[in-house]
There are 2 protein chains.
Amino acid sequence: MVNAPKSLTRVIGIDPGLNVTGYGIVICRANEVNLLEAGVIRMPRSHGENLAERLESLFVELRRVIEEFNPEAMCLEEVYSHANYPRTAILMGHARGVICLAARLAGIPVLSFSAKRVKQSITGNGNASKLQVQRAVQNYFSLHRVPYPPDVADALAVALCYVNRRAMKTFAKAVIPSEARNLALR
Amino acid sequence: MVNAPKSLTRVIGIDPGLNVTGYGIVICRANEVNLLEAGVIRMPRSHGENLAERLESLFVELRRVIEEFNPEAMCLEEVYSHANYPRTAILMGHARGVICLAARLAGIPVLSFSAKRVKQSITGNGNASKLQVQRAVQNYFSLHRVPYPPDVADALAVALCYVNRRAMKTFAKAVIPSEARNLALR
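Residues numbered from 1 in each chain as written. Chains lettered and ligands numbered in written order. Predicted model: local features only at pLDDT ≥ 70, side-chain atom pairs only at ≥ 80, totals over all residues. Heavy atoms only, no water.

Participant: When you look at the overall build of chain A in this model, what are you seeing that I'm missing?
Facilitator: Helix and strand content of chain A: six helices and five strands. Along its sequence from the N terminus, chain A presents helices and strands in the succession β-β-β-α-β-α-β-α-α-α-α. The proportion of buried residues among the 186 residues of chain A is 48%. The long-range fraction of contacts in chain A, counting pairs at least 24 apart against all pairs at least 6 apart in sequence, stands at 62%. Carbon and sulfur atoms make up 48% of the accessible area of chain A, which amounts to about 9500 Å² in all. (Helix = DSSP H or I, 4+ residues; strand = E, 2+ residues; numbered from the N terminus. Buried < 20%, exposed > 50% of the residue type's maximum accessible area, 1.4 Å probe, protein only. Contact = heavy atoms within 4.5 Å. Areas by Shrake-Rupley, 256 points an atom, 1.4 Å probe, with all protein chains shown as cover.)

Structure below.
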């Protein structure tokens, strides 16, 4: 595990969805990276097909989480299209839009990483399965069980991707000559 | 032209986009339907690739429009996937999510109609071209020019689709026996 830079404190990772949105907050103190809080925001079934009500639930709940845990950055997976589920991908876009807005209104920068990069960062394999990602998150935080539902593991994985990237940059700045560093961090 | 029901007053139609979002507000008084206001919300170029900043601009500007014109319903085209532009469709989903949220936070119901239905309602042809829709909106409100950019015409078309649907329902209730009405309005 690469240690996190000292300057970084709290990062929230999000796995967006209209039924369930996973979130995970990691906290970095000195050379440690710890899990502060993780969970899901569920959109109540009573809201049925009313998209606007669901988005409001998500917005209100996420703002509550942000207010409570005060993260300094938000991380998400990059937008990508599921060729087989284009409508689901567009609906997920609605949730992602509201999530980005909540971060922006709280003054938190939003960073995004490709799914491949997140998997590579946490498992060492850009094509890792969902279960491999869950296991990697479990090992990283020495959890007794695999995080459940998988949305929680995905949210934590994207937060760790950011933490690892920053740690790599700090490490590289300290020990690698600048030309080689530019190559290594491309 | 079908007259609007007396109970309806102001309706805002929206054509969502991350670069330009069109809006149009129609006002119904007695048996008249008039154009109250129409325009576009442009996301400043200075925001570049920052999605969260663009969404915040859209949210803030749309809330300002809602506050100023106080519509009682918001109308949008239904979610649909552009097979050739899946990424664009997902990004449009981000804008649409924020738009639905703005309506919901203002206590305005959001109604959506398929593109086919909107075109059918305003031109009589569910497969009408963009220009045909623009011309139909121009004729409806006796405008000197075709509404420009097209996002404005699309926004007005979806608002008129709602107005016409309600007017049809009111008309049907008054003059068509209930069994035939159910068939006609299906």
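Participant: Help me understand the interface of chain B and chain A in this model?
Facilitator: Between chain B and chain A, the contact holds 24 residues from the first and 24 residues from the second. In this structure, the connection of chain B to chain A is made through two salt bridges. For A:Arg104, the salt bridge goes to B:Glu56, with nearest N and O atoms at 2.8 Å. The tally of links from chain B across to chain A stands at six residue pairs in polar contact (both at pLDDT 80 or more). Elements supplying a minimum of two residues to the side of chain B that touches chain A: α1 (51–69) and α2 (86–105) of chain B. (Salt bridge = Lys/Arg side-chain N within 4 Å of Asp/Glu carboxyl O. Polar contact = N/O pair within 3.5 Å; in protein donor to acceptor, adjacent residues only side chain to side chain.)

Participant: Could you clarify how one ought to interpret the environment of B:Arg135 in this entry?
Facilitator: On the secondary structure map, B:Arg135 appears in helix α4 (residues 130–140). With 18 residues separating them in the primary sequence, B:Arg135 and B:Ala153 have C-alpha atoms 8.7 Å apart.

Participant: Sorry if this is basic, but what is going on with the nonpolar core here?
Facilitator: Taken as a class, soluble globular proteins show a tendency for nonpolar side chains to be buried jointly. Grouped together as the largest cluster of nonpolar side chains are 52 residues, with contacts concentrated most on A:Leu62, A:Met74, B:Leu62 and B:Met74. Those residues in contact with A:Leu62, other than ones at most four positions away along the chain, are A:Ile12, A:Ile14, A:Ile41, A:Met74, A:Ile99 and A:Ala102. (Core = buried A, V, L, I, M, F, W, Y, C linked by side-chain atoms within 4.5 Å.)

Participant: Can you walk me through the sheet that holds strand β5 (residues 110–113) of chain B in this structure?
Facilitator: Residues and elements named next belong to chain B. As summarised here, the arrangement of the five strands in space is β3-β2-β1-β4-β5, forming an open sheet in which the pairing is mixed. Every interior strand has two partners, whereas the edge strands, β3 (32–42) and β5, have only one. Between one strand axis and the next, the sheet turns by 25° as a mean value, whatever way the strands run. Of the pairings in the sheet, the one linking strand β1 (residues 10–15) to strand β2 (residues 20–29) comprises six bridges and is antiparallel in character. Paired with Ile 12 across the bridge in β2 is Ile 25. (Pairing = 2+ DSSP bridges. Axes fitted to C-alpha atoms, helices over the stretch in contact; angles between N-to-C directions.)

Participant: Could you clarify how one ought to interpret the sheet that holds strand β2 (residues 20–29) of chain A in this entry?
Facilitator: Each strand in a sheet pairs with its neighbour through backbone hydrogen bonds, running either in the same direction (parallel) or in the opposite one (antiparallel). Residue and element names in this part refer to chain A. Spatially, the five strands line up as an open sheet ordered β3-β2-β1-β4-β5, and their pairing is mixed. Sheet topology places β3 (32–42) and β5 (110–113) at the edges, where each strand pairs with a single neighbour. Neighbour-to-neighbour, the strand axes of this sheet turn through a mean angle of 25°, independent of strand direction. Lying on the sheet, helix α1 (residues 51–69) is in contact with β1 (10–15), β2, β3 and β4 (73–77); it crosses β3 at an angle near 155°.

Participant: I tried to follow the packing of aromatic side chains on my own but got confused; where do I start?
Facilitator: The geometry of an aromatic ring pair is captured by the separation of the ring centres together with the interplanar angle, meaning the angle of the planes. All names here are of chain A. One pass over the full model with this rule turns up five aromatic pairs over all chains. Look at Tyr 140 and Phe 141: their rings are 5.2 Å apart centre to centre, the planes differ by 55°, and that puts the pair in the tilted class. You can call Tyr 140 buried: its relative accessible area is 13%. (Phe/Tyr/Trp six-rings, centres within 6.5 Å; stacked < 30°, edge-to-face > 60°.)

Participant: Looking at this structure, I do not really get the packing of helix α3 (residues 115–123) of chain B against α4(B). What am I missing?
Facilitator: The geometry of a pair of packed helices is captured by two quantities: the angle between their axes and the separation between those axes. All names here are of chain B. The geometry of α3 relative to α4 is characterised by a closest axis approach of 9 Å and an angle of 45° between their N-to-C directions. In this view, α3 runs oblique relative to α4, as classed from their interaxial angle. Seen along the crossing, α3 lies across α4 with a hand that is left-handed. For the pair α3 and α4, the contacting residues are Lys 119, Ile 122 and Thr 123 in the first and Gln 132, Val 133, Ala 136, Val 137 and Tyr 140 in the second. Among the residues forming the contact of α3 with α4, the class breakdown is five nonpolar, two polar and one charged. (Parallel < 35°, antiparallel > 145°, perpendicular 65-115°, else oblique. Left-handed = near helix turned anticlockwise from the far one by under 90°. Nonpolar A, V, L, I, M, F, W, Y, C, P; charged D, E, K, R; others polar.)

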